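Examination of the molecular architecture
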Amino acid sequence: MLHGLYCIIVKASSEHTWWDLVGSKMDKYRCSVCGWIYDPELGDPDGGVAPGTPFENMPDDWQCPMCGAAKNEFQQLDD
């Protein structure tokens, strides 16, 4: 089953993130300094973070693209 799912993910990767295909929801995070919101569906391509990247999987040295705040300055948003 997993192999079949992998094939679907690879085939559809140009249109959807794998989270869309398996039905999982990734949490958004807000910068406590400037209020910028990290949306995993969009990622931060200018900062080297691909769309579909969960906040937890981003590099520890990633910084807010608006104000330069450290990753640990972000707070998870409630649903």
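A few points on the structure. (Residues numbered from 1 in each chain as written. Predicted model: local features only at pLDDT ≥ 70, side-chain atom pairs only at ≥ 80, totals over all residues. Heavy atoms only, no water.)

**Describing the packing of aromatic side chains**
The test is simple: Any pair of Phe, Tyr and Trp rings, taking the six-membered ring for Trp, is counted once the centres come within 6.5 Å. Such a pair is stacked with planes under 30 degrees apart, edge-to-face with planes over 60 apart, and tilted for the rest. Per the convention used, a helix needs a DSSP run of H or I reaching at least four residues, while a strand needs a run of E reaching at least two, with both numbered from the N terminus. Burial here depends on accessible area, computed with a 1.4 Å probe over protein chains only, as a share of the maximum for the residue type. Under 20% is buried, over 50% is exposed, and the range in between is partly exposed. Any Lys NZ or Arg CZ that is within 6 Å of a ring centre and within 35 degrees of that ring's normal is treated as a charge sitting over the ring.
One pass over the structure, following the stated rule, counts nine aromatic pairs. Ring centres of Trp-36 and Phe-74 lie 6.3 Å apart, and the angle between their planes is 85°; this geometry places the pair in the edge-to-face category. Of this pair, Trp-36 sits in the loop between strand S1 (29-31) and strand S2 (37-38) while Phe-74 sits in strand S3 (residues 74-76); the two residues are 38 residues apart in sequence, bridging distant segments of the chain. Judged by relative accessible area, Phe-74 falls into the buried class, the value being 8%. Three or more aromatic residues joined by ring pairs form one cluster here, namely Tyr-29, Trp-36, Tyr-38, Phe-55, Trp-62 and Phe-74. Looking at Lys-71, its charged tip hangs above the ring of Phe-55, at a distance of 5.3 Å from the centre.

**What to know about the state of the cysteines**
The condition that has to hold: A pair of sulfur atoms, both from cysteines and within 2.5 Å, is called a disulfide here.
The final tally for this structure, using the stated rule, is zero disulfides. We note that Cys-34 lacks a disulfide partner, and the nearest cysteine sulfur, in Cys-64, lies 3.7 Å from it. Since its relative accessible area comes to 39%, Cys-34 is described here as partly exposed.

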